[in-house]
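Reading the structure
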Amino acid sequence: MTATTLETRPQSPPRPLALRAPTAQAHGPAHPVRLSGLRAGPQQPAVAPLIVERRDQDFVEGLLADLGDPSAHAALRASVPARQQGVPRLFPPVQRVFNLVVMEAFCDQPGQPRLDPAQIESSGFVLRRVVGAHKQAWLKAGTQVFGWEAVDESLDPVQDRRGLAVDLGHPVLNALAPSQRAVRTAGSARLASARVAVNEDVQPLFKAPPAVADGVARTLLFGNLRLTSGELTERAATPPVFGSTPQERQQLADDLVVHLRQGGARNFTVPAARSFSTEQWAAAAQQRPSALGHAEYLALDRQLGALLLQLGNEFDAFGSGTGPAAMQAALRQLQVETDMRDGQGRLLRTERSSAYDFLLRAKAVLLDAVPGASLSVPDRWGAVSATVAQAVFDASLLCLQQRFAQVLPARGRFEADGSGVEARYVVRAFVRLKPERPGCPGRLVWSDYSEPFSIAPWFESSGAPVPVIPLPDLMDRAQLARVRPTVAFALPPKLAALLRTDAKDLRDGKGDGGNGLGLGWICSFSLPIITLCAFIVLNIFLQLFNLIFWWLPFLKICIPIPKAKE
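Quick look at the structure, then.

Here is what the cut-offs are and how they apply
- Residues numbered from 1 in each chain as written.
- Predicted model: local features only at pLDDT ≥ 70, side-chain atom pairs only at ≥ 80, totals over all residues.
- Heavy atoms only, no water.
- Helix = DSSP H or I, 4+ residues; strand = E, 2+ residues; numbered from the N terminus.
- Buried < 20%, exposed > 50% of the residue type's maximum accessible area, 1.4 Å probe, protein only.
- Areas by Shrake-Rupley, 256 points an atom, 1.4 Å probe, with all protein chains shown as cover.
- Phe/Tyr/Trp six-rings, centres within 6.5 Å; stacked < 30°, edge-to-face > 60°.
- Lys NZ or Arg CZ within 6 Å of the ring centre and 35° of its normal.
- Contact = heavy atoms within 4.5 Å.
- Pairing = 2+ DSSP bridges.
- Salt bridge = Lys/Arg side-chain N within 4 Å of Asp/Glu carboxyl O.
- Core = buried A, V, L, I, M, F, W, Y, C linked by side-chain atoms within 4.5 Å.
- Bend = angle between axes of the 7 residues up to and from the residue.
- Axes fitted to C-alpha atoms, helices over the stretch in contact; angles between N-to-C directions.
- Parallel < 35°, antiparallel > 145°, perpendicular 65-115°, else oblique.
- Nonpolar A, V, L, I, M, F, W, Y, C, P; charged D, E, K, R; others polar.

Comments concerning the overall build of the protein
Each helix and strand in the protein was counted, giving 18 helices and 23 strands. Looking at the protein residue by residue over its 566 residues, the buried ones come to 36%. Carbon and sulfur atoms make up 59% of the accessible area of the protein, which amounts to about 31700 Å² in all.

Next up, the structure:
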């Protein structure tokens, strides 16, 4: 009864294949089908998927023309990506390089006849990442992206094409079966408890037109291999373990500003006017008249400003969370010291107060620029004991973990993992075959995996011809007169007033946008002239930085252009 019930269902076979054994015996076994890369001949065994590198502009037409010409097949199989350190290296389309997957399907019978293209219901291929002995799939559910996950590699990549793991006679019971949950989530261990069914990202594989396939008596398929993606995982990237080695711990400890390390008291540069406001701090920075001199500003910025930047920007020590809480607890154990003197300058006593409270007041003035806030600078930052220094360092590691999750909440599909080891990827193609007889299920046929390959970053040159951008001749006044503005910028009143300030004042940091009540401006420019200015500035900095990097032999190649002959 069970076999009869299953036979009437228009679904792919249940996972326990023994349940369908009576049906298979009744109709005879399905003939074997193989999916292979382009072979050297129709009698050759199946090979791994073929990845072809194309640099022609109409690369699809070029590929089809080669596929339809048997004499071009040998060159086609040889036009694979070049190797780097023994591994094929694929370039993204931004480098004007296109990578195509070429497959053929045939019957694994004597003579290896081609598979009838009409038997193919659908086809595609998947791109998977190699991690050790496993192949990870890029999983999604609707608009949600789970990212790279280890899966059951034999399952159909599309969730609604997967068969039942077991048929319990009712859809609700089937959905509750643990084995069916594994099928629904593609066998991913991390997503085993997820309620949503997941799909693997599938790239299309197209059947070659009949004029091409029939001419060579092969069933050929091809697809464009996508090597770029804007998708991000919706799960936060796993933060690295900071300080996992003694060498890294030492490097992180050396990166702490001196006030957070073990040692005695450190003196501050106390300005003549010990206390100053936010407005006076800003005036001193711009060298405007202020109770705080510009030299005093620079000295304080080197000491106190550096301390606040590391705590506030790098560690987010004034925020919330486990890391900042640990850092705040450590900073509360530190003190700042202020000497109290009489009118003759003799020391009366030394007052000590919380270093953390002092940092909060300093942050309001130096970092947050809170209007009306003020700060009184103590004489010294108190001594830091070994115990407190260790507490600060341990808290900094927790802060970095939390900060990493904030700065890099998700990872891109092809983004490097930060380990310094380039990721390896493989391609695997599949075809879904129509049922051979009424009442029989369709079949999913997988190919082998391709050879692992790496993907070059966008900035790595592929050797393709570079585009030429002509620039106007600055010395030709008639030509400049024809270069009209092609872009306009709308400037708000404050920015317009700032840019109309004297250039020397801007250089000296004295620019002022005023109260914002003036006129806004629309300024038009010529994009070619902007490009030319940027080109001139680029050449200046290339020459300057060449003293450090010695990169001109690689970055700048200039050759003369022969003058056109009459």
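Now that the structure has been shown, we can carry on.
A look at the packing of aromatic side chains
Taken as a whole and assessed by the stated rule, the structure comprises 17 aromatic pairs. Between the aromatic rings of W458 and F459, the centroid separation amounts to 5.6 Å while the plane-to-plane angle is 85°, which identifies the pairing as edge-to-face. Both residues of the pair, W458 and F459, count as exposed. Taking NZ or CZ as reference, K135 lies 4.9 Å from the ring centre of Y449, over its face.

Notes on the environment of V270
Here V270 is to be found in the loop between β13 (266–267) and β14 (275–277). On a C-alpha basis, the gap between V270 and E296 in space is 7.9 Å, while along the polypeptide they are 26 residues apart. Filtering out sequence-adjacent residues up to four positions away, V270 remains in contact with V377, P378 and D379.

Focus: the sheet that holds strand β21 (residues 454–455)
Judged by pairing direction, the sheet is mixed, and its three strands sit side by side in the order β3-β4-β21 without closing on themselves. What marks the edges here is a single partner per strand, and that holds for β3 (83–84) and β21. Direction of pairing for β3 relative to strand β4 (residues 87–90): antiparallel, over a ladder of two bridges. Within β4, the residue paired with Q84 across the bridge is V87.

Remarks on the pattern of salt bridges
Within this structure, the stated rule accounts for 28 salt bridges. Two residues, D66 and R54, come together in a salt bridge whose shortest N-O distance is 2.8 Å. Pair noted here: D66 is in helix α3 (residues 59–67) and R54 is in strand β2 (residues 50–54), with a separation of 12 residues, a long-range link. In this structure, R380 engages D339 in a salt bridge whose closest nitrogen and oxygen atoms are separated by 2.6 Å.

Some details on the nonpolar core
Counting 43 residues, the largest nonpolar core has F276, L304, L311, M327, L359 and W381 as its most contacted members. Of all elements in the fold, only α9 (278–285), α10 (294–314), α11 (322–331), α12 (355–367) and α13 (386–407) reach the threshold of two or more residues within this core. With residues up to four places along the chain from it excluded, the contact list for L311 reads L260, D316, A317, F318, M327, L331 and L359. Core analysis: the second largest hydrophobic core is formed by 27 residues, A105, Y425, V427 and V431 among them.

Section: the pairing of strand β6 (residues 120–131)
Pairing geometry for β6 and strand β19 (residues 424–433), over 10 bridges, is antiparallel. Bridge pairing in β19 places R129 opposite Y425. Judged from the two bridges that link them, β6 and strand β10 (residues 203–204) form a sheet pairing that is antiparallel. Bridged to F125 within β10 is Q203. Examined bridge by bridge, β6 and strand β7 (residues 134–141) share three bridges and lie antiparallel to one another. In the strand pairing of β7, V131 is matched with H134. Hairpin geometry of β6 and β7 is characterised by an intervening segment of two residues between the two adjacent antiparallel strands and by a positive phi of about 65° at G132.

Points about α10
At D301, α10 shows its strongest bend, of approximately 40°. Buried residues of α10: Y297, A299, L300, L304, G305, L307, L308, Q310, L311 and G312, and no others. Positive phi appears at D316, one or two residues downstream of α10, with a value of about 50°.

Looking at the environment of G68
Residue placement: G68 occurs in the loop between α3 and α4 (73–78). Each C-alpha atom, one on G68 and one on P210, is 9.8 Å from the other, the two residues being 142 residues apart in sequence.

A few points about the side chain of R129
Take R129: it is sitting in strand β6. If we skip the residues at most four places from it in the chain, R129 touches H134, K135, Q136, W148, A423, R424 and Y425.

Re the packing of α9 against α10
Geometrically, a packed helix pair is captured by the angle between its two axes and the distance between the axes. Look at α9 against α10: their axes get within 8 Å of each other, and the N-to-C directions meet at 105°. With respect to α10, the axis of α9 lies roughly perpendicular. Of α10, the residues touching α9 (which contributes W281, A284 and A285) are H294, Y297, L300 and D301. When grouped by side-chain class, the residues that make up the contact of α9 with α10 number five nonpolar, one polar and one charged.

Brief notes about unusual backbone geometry
At A369, a position not held by glycine, the phi torsion is positive, near 50°. Position of A369 relative to the elements: it lies in the loop between α12 and β17 (374–376). The class for A369 is partly exposed, based on a relative accessible area of 44%.

Remarks on the sheet that holds strand β18 (residues 380–381)
If you walk across this open sheet you meet the four strands as β13-β18-β15-β16, and the pairing is antiparallel. With partners counted over all chains shown, the strands left at the sheet margins are β13 and β16 (347–354), one partner each. With two bridges connecting them, strand β15 (residues 335–341) and β18 associate as antiparallel partners. Residue pairing across strands places V336 opposite W381, the latter belonging to β18. Across the sheet, α12 lies against β15, β16 and β18, angled at about 80° from β16, the strand it touches most.

Here we look at the packing of helix α8 (residues 246–255) against α13
Between α8 and α13, the shortest axis-to-axis distance is 11 Å and the interhelical angle comes to 105°. On the basis of their axis angle, the class for α8 and α13 is roughly perpendicular. The segment α8 lies against α13, with R249, L252 and A253 engaging Q390, F393, D394, L397 and L400. Broken down by class, the residue content of the contact of α8 with α13 amounts to five nonpolar, one polar and two charged.

Remarks on α9
Along α9, the residues classified as buried are T278, W281, A283 and A284. On its buried face, α9 sits against β14, α10 and α12. A positive phi of about 60° marks Q287, the residue just after α9.

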